[in-house]
Amino acid sequence: MIGQVLRGRWRTLVVLALLGTLIGAGSSVLLSPGYRTASSVLLQGPREADELLTQASVATSSVVLDRTAAGLGDGETGADLRDKVSTTVAQGNVITIGVTGDTAEQTQRMADQIAAEFVKYSTQIIAGSGDAAVQLAQERRETLRQQVAQTNQRISELSTKVNEGKTTVESVQLRTELQGLRTSIEAAMSTLNAADTASGLGNMVVLGSAELPSSPAAPTLPQLALGGALLFFVIGLFGHLFTARTDRRLKDEEEIAAAIGGPVLATFDAVDERLPASTLRAKLLRDDRPWNIPRVDVYADEIDVDVHYRRLVSRLPNRRLLVVAAEDDHAGRMAAERLAALADRWCTVATVSPVRPVIEDAEDTDAEGILVVAGLGSRSAWELVGIAEAVADAGLAVVGTVLIRPVRPTRTRSAASTPTDHEALAGTA
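About the criteria used
- Residues numbered from 1 in each chain as written.
- Predicted model: local features only at pLDDT ≥ 70, side-chain atom pairs only at ≥ 80, totals over all residues.
- Heavy atoms only, no water.
- Patch = residues over 30% accessible without salt bridge, like charges linked within 9 Å, V, L, I, M, F, W, Y side chains within 5 Å.
- Areas by Shrake-Rupley, 256 points an atom, 1.4 Å probe, with all protein chains shown as cover.
- Salt bridge = Lys/Arg side-chain N within 4 Å of Asp/Glu carboxyl O.
- Lys, Arg positive; Asp, Glu negative; His and termini not counted.
- Charge placed at Lys NZ, Arg CZ, Asp CG, Glu CD.
- Helix = DSSP H or I, 4+ residues; strand = E, 2+ residues; numbered from the N terminus.
- Axes fitted to C-alpha atoms, helices over the stretch in contact; angles between N-to-C directions.
- Left-handed = near helix turned anticlockwise from the far one by under 90°.
- Nonpolar A, V, L, I, M, F, W, Y, C, P; charged D, E, K, R; others polar.
- Contact = heavy atoms within 4.5 Å.

- Per an unreviewed UniProt entry, the protein goes by Exopolysaccharide biosynthesis protein and derives from Amycolatopsis speibonae.

1. Here we look at a negative patch on the surface
Alright, step 1. Residues Glu360, Asp361, Glu363, Asp364, Asp366, Glu368, Glu389 and Asp393 make up a contiguous surface patch of negative charge.
Alright, step 2. Listing elements by their share of the negative patch, those giving two or more residues are helix H14 (362-365) and helix H15 (381-393).
Alright, step 3. Relative to the elements of secondary structure, Glu360 occurs in the loop between strand S8 (347-352) and H14.

2. What to know about the packing of helix H2 (residues 10-31) against helix H9 (residues 221-245)
Alright, step 1. Look at H2 against H9: their axes get within 6 Å of each other, and the N-to-C directions meet at 140°. The crossing of H2 and H9 is right-handed.
Alright, step 2. For the contact of H2 with H9, the residue count by class is 14 nonpolar, nine polar and no charged.

3. Let's talk about a nonpolar patch on the surface
Alright, step 1. Residues Trp10, Val14 and Leu18 make up a contiguous nonpolar surface patch of roughly 290 Å² in combined accessible area.
Alright, step 2. Among the secondary structure elements, Trp10 is positioned in helix H2.

4. Considerations on the packing of helix H12 (residues 307-315) against helix H13 (residues 330-343)
Packed helices, taken two at a time, are described by their axes: the angle between them and the distance between them.
Alright, step 1. Across the interface, H12 lies against H13 with an axial gap of 10 Å and an inter-helix angle of 65°. Here the hand of the crossing between H12 and H13 comes out right-handed. In contact with Tyr309, Arg310, Leu312 and Val313 of H12, H13 contributes Ala335, Arg338, Leu339, Leu342 and Ala343.
Alright, step 2. Residue composition of the contact of H12 with H13, by class: seven nonpolar, no polar and two charged.

The following block contains the structure:
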């Protein structure tokens, strides 16, 4: 069935694909990020998770972005850069600053500028708000140094006394006290080192220049255009399949006979004829006829033969019949006129509206029965029931139904090989 859609509606699918291409290309203005790169800033020393998140927020603050915009001098403001900058916290106390831009060089410059302004502004915040903390840390370090000096002096004195005397109970106590003092001094030294480390918490380092982007980041304009074309093509393809799946027009002979109230007398194949297009769209796309008409591997002249119609006429009851076909059923109307011409004087053709069918009374038409001719799959059950009700209102009965199955022959005869040529050759033989 997919092959039938591709053969019968390939023009429509191509137009849908072109429309999807245009929409995808147009959406690239909003969806394509352009070029993308990132710069990394290392925060030295031990850091808490909340502190890293705070620093990441500082990197996208209005002050940093305004300073970056002023440093770049591209005519943009900090508010313009807000949607182009994002930050993430990586392992190892590293803050990654992601930047998008219109060109590769502009994106690289922007990333480097933001990283530099972020480090500068963060350092200023720490220096401005940490004067009291710095003074307190200095006093604490001085106290610790004095404690270390006093402890070292006491250790020296005790060591002298221990070495001068003999081993006694008092000397053992001194050695124990000496060991405790050494432990105290080691703890003091550890605390002092920690204080020295804490004094350098504000140090930040930019880990090199941002990488120059070699190509735009996805999704790019070609990707969006191709994606739009594929999306609209698939939507059009499955739309046709869904429409055919949900089609309520009857294709089963038994269902048609039950709806019309008369037996199916015959089912004829007829070459699907292309009528003149009524709209410009139909002329360009050729979508004014069903796409799911079956294709048969025969010549067109092998389908349209009168022998089947003559056989049907010979089986019809010998009384005046009114041959009824729907107005919009071209195949049905052609078959009805063909039957009436072969039946000569005792068949009359009448066309009815498929929405509101009306048939003249039996007295007005001198008809003794109704022969319904319809294209297979052209009418829904309710439309056929409506025709049957119109027949009953006219005081007539349905003699039977003739179904016309539109087909498309796949073979074509060349100009040098026509049916007349074949008949002539057969006669000569």
